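# Close look at the chain arrangement
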Amino acid sequence: MRHRWSARMGIAALALLLFAATAAASCRDDVVDLRGPWGQARFTVELADTPDSQARGLMHRESLPRGAGMLFVYDSPRRVAFWMRNTLIPLDMIFMDATGTVTRIHHEAIPLDETPIDGGTGVLKVLEINGGLARRFGITRGSEMRHPRLDQDTAAWPCD
């Protein structure tokens with residue numbers, strides 16, 4: 001009888017560990033999840049969280065895998081503007097506030113164009129993905145991002 005109870009406790013403990021690992025895996029620095037009435041999308045991202053990596057962005061790249069992107073991370077909300085100097089692929093730029101809520105989307109930025117793309121004020125994060133994907137997925141203003149670099153106490157979609 002004691003053996004069965006130990007086996008059940010072992011299975012329960014293993015299930016709890018697997019659940020915890022899955023929850024933790026759902027919120028990692030290299031993954032961005034987006035959700036909205038349109039559904040959900042997940043992107044594997046590189047972080048641009050230093051002045052150098054933000055200035056470089058996705059410049060000089062000839063391609064970007066479909067499920068990949070770059071997440072620009074700022075220390076505090078601000079007005080941001082981007083351009084496409086030395087960027088060889090069209091990009092969608094998804095601007096988000098401090099809660100991770102999408103405030104603006106610039107669709108299909110033109111490669112090599114130096115016209116400023118204004119993200120507006122109060123921007124804390126910007127996700128760049130392949131041009132056309134935001135429309136294809138149906139990502140809209142008001143969509144929510146889940147990522148550990150958001151303040152989890154105020155995030156619209158906190159990590160589990």
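Notes on the structure in this doc start here. Quick caveat, the model's predicted, so the values are computed rather than measured.

## Remarks on the packing of aromatic side chains
One pass over the full model with this rule turns up 3 aromatic pairs. Pairing phenylalanine 72 with phenylalanine 82 gives two aromatic rings, centres 4.9 Å apart and planes at 85°, and the pair type is edge-to-face. What makes phenylalanine 72 buried here is its relative accessible area of 2%. Considering the side-chain rings of phenylalanine 82 and phenylalanine 95, the 5.9 Å spacing of their centres and the 75° angle between planes classify their relative orientation as edge-to-face. Placement of the pair is phenylalanine 82 in strand E3 (residues 68-82) and phenylalanine 95 in strand E4 (residues 91-96), with a sequence separation of 13 residues.

## Thoughts on the state of the cysteines
Joining two cysteines, a disulfide is a covalent bond between their sulfur atoms. As enumerated under the stated definition, the model contains 1 disulfide in all. Two residues share a disulfide in this structure: cysteine 27 and cysteine 159, whose sulfurs sit 1.6 Å from each other. Of the two residues, cysteine 27 is situated in the loop between helix H1 (2-25) and strand E1 (31-36) and cysteine 159 in the segment after strand E7 (144-146); the sequence distance between them amounts to 132 residues. Cysteine 27 gets classed as buried once you look at its relative accessible area, which sits at 13%.

## Let's talk about the sheet that holds strand E5 (residues 102-109)
The 7 strands are arranged E5-E4-E6-E3-E2-E1-E7 in an open sheet whose pairing can be described as mixed. Edge positions in the sheet fall to E5 and E7, since each has one partner strand and no second. On average, adjacent strands in this sheet sit at an angle of 30° to one another, irrespective of strand direction.

Cut-offs applied
Residue numbers restart at each chain and count upward from 1, following the sequence in its written direction. Residue-level local features of this predicted model are given only where pLDDT is at least 70; pairs of side-chain atoms are given and counted only at 80 or more, and the full residue set underlies all totals for whole chains, interfaces and linings. Only hydrogens and water are set aside; all other atoms, that is, all heavy atoms of the structure, feed into the side-chain values. Geometry of aromatic contacts follows a simple scheme: Phe, Tyr and Trp rings, the Trp one being its six-membered ring, pair when their centres are within 6.5 Å, and the pair is stacked under 30 degrees between planes, edge-to-face over 60, tilted otherwise. Buried, partly exposed and exposed residues are distinguished by accessible area as a fraction of the type maximum, computed with a 1.4 Å probe on protein chains only: under 20%, between the cut-offs, and over 50%, respectively. Counting from the N terminus, the helices are DSSP H or I runs at least four residues long and the strands are E runs at least two residues long. Criterion for a disulfide: a pair of cysteine sulfur atoms within 2.5 Å. When DSSP finds at least two bridges between two strands, those strands are taken to pair. In this analysis an axis means a line fitted to C-alpha atoms, helices contributing only their contacting stretch, and an angle means the value between N-to-C directions, from 0 to 180 degrees.

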